[in-house]
Structure formats: C-alpha cells, structure tokens
Amino acid sequence: MIQTPGFLYTAMAFILVIGPLVFVHELGHYLAGRLFGVKADEFSIGFGREVFGVTDKRGTRWKFGWIPLGGYVKFAGDMDASSKPDPDWLALPAEERFRTFQAKPIWQRAIIVAAGPITNFLVAIAILMGFAISFGELRTPAVVGSVLPNSPAQLAGLHPGDRITALGGRSVDTFEDMVRFVQIRPGQAVRVDFVRGADTQTINLTIGTRIERDRFGNEPKIGRIGIGRSAATLLPVSLIEAPAVAVRQTGSILSMMGDVIGQIISGRRSVKELGGPLSIAKVSGEQLALGTSSFVFLIALVSINLGFINLLPVPVLDGGHLLFYAIEAIRRRPLEAHVQEWAFRGGLAAVLALMVLVTFNDLGALGLWNRLAGLIG
C-alpha cells in the first residue's frame, strides 16, 4: 500500500530542510564578510518582496522574502542580490568605500564567496560525524561473499572469495565502495579487476538494473551485479576519528554527484532524472515520515548538494564569482564590466532554464502530465 505524506506535512518537512540550510549558507558569507570589515546591507531568506524584516544596529536588514527557494547577502558595493558590482561604489566617500565588498583584496573576496558552500560542507560533516559516533562505520572488505544465480557477476565468471580491486578503472577498497559505484550505473558495461588466489584477473560485465518500489510508490532504477557481502565489519568510531570518517564520506558523496552529472552531460543518464524544489519537498516529507535519522541524513545530503551546486563555475553562482576572481588574479585586473554583464546575463538565463527543466520534470514525476493527457484523451 502506497503511503504518501500529506501536503502540509511535506511543506513543513521542506521548510525544515531548506530554511536552515539556506540560512547557514548565507551566514557563512555574512560572517566571512564581517571578519574582513565588509558591511552587509541585506540578509534575506527567500527572494522577492519582503514579508517581514528587522534592521540591526549595523544597518543590516534581516528579512524574509515571499519566494522561499533560496536567499542572499547583499554587501555594500553590490548592485543586486547576485553580487554584481555596482559601478557607483567608487564614488562613495572613502570610509564607506573601504567597507564595500569591491574594495577588499581579491583573496578576501574569494574567502567571503567560498564561505557559503564551505559552511554547507561543514554542516554535512558535523551531521555525518554524529552518525559515525552513534552507529559506527561499516567497512566490509571488497570480497565476493556470494554470487546470485544468473546475475551479471555469475555470467561474467566471478566466484566467492574473489577480491575486487577496481571497477571501471577506479580502485575500490571496501564493499561499500563497490555499492556506491554500481548503484548509479545501471545497464553500463564496466571492467572488473580482481584477485583470485594469487592471480590478478580482469573481466568485463554489464551492470544489471533493478527497480525497487518503496512504500511511497517511488521506483528508482538501481544498478546491481548480484554479489553478496563477505563478513561485515562494523567499527566503532571515536570522537577523534569521527572528522576523518565524515570527511571521507562527504568525499564519496561528492564523487557520486560528479559521476551522475557526468553521465547526464554524456547522455548516459536522462535529464528527466534531474529534480528540483518539488522533488526535494517530496523526498523531505517521505524521509521525515521514515524517522528522525533518515530525515537528518537527508539534511546532510541536501547540504552537500547546495555546496556542490554553488561551486559550479556558473556566473550568478558562487563558483562563477570564484572563476572571475581566478581570471582577475591571472590578468592582474578584473574582467571588463561589459564582459561581466553578459556573463551574468548568460548565467542567469542558464539557471532559469535549468529551473524550468527541473520543475517540468518534478511535475511529470508527480503525475501531472499523465493526468492532463487522460483528461484531454
């Protein structure tokens, strides 16, 4: 029986995920700016017209916008929420000009911009540290424990006891490494390097596809090769070890994200699998229904996603600004104003086009297009 969380439950879960993560992202920018003496004119959670706000003694307007899909910090010297330079900042009195974002050395501006995504990664690392300390770390050797009949592993000739050393040319150390590699590559042909006894061997196999239906009716396609674990090892994690474990897990998640984006760009994965705010809301409600641990782990995943996406080298995103600063450092002067203007316009157009695409996908995943087709038919 399909169990779907109600609209209000889903909306509440979405707000509990996105709201705090957007806040800490922008707080990273804000605190780094304060560290270097930059005045913040506005700190907004959400875009569009202000719903509610207060102004603090430093002159910063803290407010909520009516479109709760992001946020921004507008520093002195910025033209708008995208941190595009205001050409009038040079005409300000010397004291005010010194407190603008544009007046700061390039390395300080880079730190202020990078502080947002870095804060998202730190939040995720803190959550994963908590999980590691509470539940330990599962580290099963990359050894074939069992082989399912007629599975890709059996058809390719893998046997129990084989130790997998690499998949698709990428080294694996644990069974968990293999699972992460395989599950996002259904239907893909890969090379498997393994050790049998004292011999190093190589085979090729095609990863199988398994559709798993959950209690919410989701049917994701998961890659499987049909091998079972050898003896699992759950290691306790101390407070001292936890940061390294959490950083390693964050790196693995980032690697998977990069692989998925690469598959979409190369055409091996459909763009229909890209989700947006509606998908995040849906998953938020489902994970909250599954329990606190599942929901908190989702917050870590979304936080990593926010940090990763914001570091993409697209103008209007943090990564685009960092790209401009890198070019400025090499040229020893900033890009011309008209070049930056067109870059910002292009970046904004790309982001808006992506938002339209993912919203279209989200509505399709919710069954809207099928229902409309039924009504028309």
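Residues numbered from 1 in each chain as written. Predicted model: local features only at pLDDT ≥ 70, side-chain atom pairs only at ≥ 80, totals over all residues. Heavy atoms only, no water.

Student: I would appreciate a short explanation of the overall build of the chain in the present structure.
Tutor: Summing up its helical and strand segments, the chain has 11 helices and 12 strands in all. Within the chain, the fraction of its 377 residues that count as buried is 38%. Within the chain, residue pairs in contact and separated by at least 24 positions form 63% of the contacts whose partners lie at least 6 positions apart. Within the structure as shown, the chain displays about 20,500 Å² of accessible surface, and the carbon and sulfur contribution to it stands at 65%. (Helix = DSSP H or I, 4+ residues; strand = E, 2+ residues; numbered from the N terminus. Buried < 20%, exposed > 50% of the residue type's maximum accessible area, 1.4 Å probe, protein only. Contact = heavy atoms within 4.5 Å. Areas by Shrake-Rupley, 256 points an atom, 1.4 Å probe, with all protein chains shown as cover.)

Student: Whenever I open this one, the nonpolar core confuses me. Can you help?
Tutor: Most often, soluble globular proteins keep nonpolar side chains buried together rather than apart. If you look at the biggest cluster of nonpolar residues, it comprises 38 residues, and the most contacted ones within it are V17, F75, F101 and I112. Going through the elements one at a time, helix 1 (7-35), strand 1 (40-55), strand 2 (61-75), helix 3 (106-135), helix 6 (242-266), helix 7 (277-290) and helix 8 (292-310) are the ones with two or more residues in this core. Among the elements that take part in this core, helix 3 stands out by supplying nine residues, more than any other. Non-local contacts of F101, meaning those with residues more than four positions away in its chain, are made with V38, F75, A76, D78, R109, I112, V113 and Y325. Core analysis: the second largest hydrophobic core is formed by 20 residues, A153, V192, L205 and I225 among them. (Core = buried A, V, L, I, M, F, W, Y, C linked by side-chain atoms within 4.5 Å.)

Student: I would appreciate a short explanation of the sheet that holds strand 5 (residues 163-167) in the present structure.
Tutor: For sheets, the rule is that strands pair by backbone hydrogen bonds, running either parallel or antiparallel. Pairing in this open sheet of four strands is antiparallel, and the strands run 6-5-7-8 from one edge to the other. Only two strands of the sheet have a single neighbouring strand rather than two, namely strand 6 (170-171) and strand 8 (199-206). Here strand 5 pairs with strand 6 via two bridges, running antiparallel. Among the inter-strand pairings, L167 is bridged to a residue of strand 6, identified as R170. (Pairing = 2+ DSSP bridges.)

Student: Where do I start with the pattern of salt bridges in this structure?
Tutor: A side chain with one charge may pair with a side chain of the opposite charge, provided their charged atoms come close. This model, assessed by the stated rule, comprises 16 salt bridges. With its nearest N and O atoms 3.7 Å apart, the salt bridge here joins E137 to R139. Through salt bridges with shared partners, a single network forms among K39, D41 and K74. (Salt bridge = Lys/Arg side-chain N within 4 Å of Asp/Glu carboxyl O.)

Student: Explain a nonpolar patch on the surface here, please?
Tutor: Together, F47, V51, F52, V54, F64, W66, I67, L69 and M355 line one region of the surface with nonpolar side chains, adding up to about 870 Å² of accessible area. Contributing elements (two or more residues each) for the nonpolar patch: strand 1 and strand 2. Position of V54 relative to the elements: it lies in strand 1. According to the relative accessible area criterion, V54 is partly exposed, its value standing at 45%. (Patch = residues over 30% accessible without salt bridge, like charges linked within 9 Å, V, L, I, M, F, W, Y side chains within 5 Å.)

Student: Teacher, can you tell me more about the packing of helix 1 against helix 3 here?
Tutor: How two helices pack is summed up by the angle between their axes together with the distance between the axes. As a packed pair, helix 1 and helix 3 sit with axes 7 Å apart at the nearest point and diverge in direction by 140°. The orientation of helix 1 relative to helix 3 falls into the category oblique. Both helix 1 and helix 3 take part in a crossing whose hand is right-handed. From helix 1, L21, V24, H25, G28, H29, A32 and G33 reach across to helix 3, where they touch I111, I112, V113, A115, G116, P117, T119, N120 and V123. Partitioning the contact of helix 1 with helix 3 into residue classes produces nine nonpolar, seven polar and no charged. (Axes fitted to C-alpha atoms, helices over the stretch in contact; angles between N-to-C directions. Parallel < 35°, antiparallel > 145°, perpendicular 65-115°, else oblique. Left-handed = near helix turned anticlockwise from the far one by under 90°. Nonpolar A, V, L, I, M, F, W, Y, C, P; charged D, E, K, R; others polar.)

Student: I'm lost on the packing of aromatic side chains in this one. Help?
Tutor: Two numbers describe a pair of aromatic rings. These are the distance of the centres and the angle of the planes. Counting across every chain of the model gives 10 aromatic pairs. Residues Y30 and F43 carry aromatic rings whose centres are separated by 5.9 Å and whose planes lie at 80° to one another, so their mutual orientation is edge-to-face. Pair noted here: Y30 is in helix 1 and F43 is in strand 1, with a separation of 13 residues, a long-range link. By relative accessible area, which is 4% here, Y30 ends up buried. Between Y30 and W62, the aromatic rings sit 5.1 Å apart at their centres with planes inclined by 70°, giving edge-to-face as the arrangement. Of this pair, Y30 sits in helix 1 while W62 sits in strand 2; the two residues are 32 residues apart in sequence, bridging distant segments of the chain. We classify W62 as partly exposed; its relative accessible area is 24%. The ring centre of F98 lies 3.8 Å from the NZ or CZ of K104, which sits over that ring. Residue placement shows R109 over the ring face of Y325; its charged tip is 5.2 Å from the ring centre. (Phe/Tyr/Trp six-rings, centres within 6.5 Å; stacked < 30°, edge-to-face > 60°. Lys NZ or Arg CZ within 6 Å of the ring centre and 35° of its normal.)

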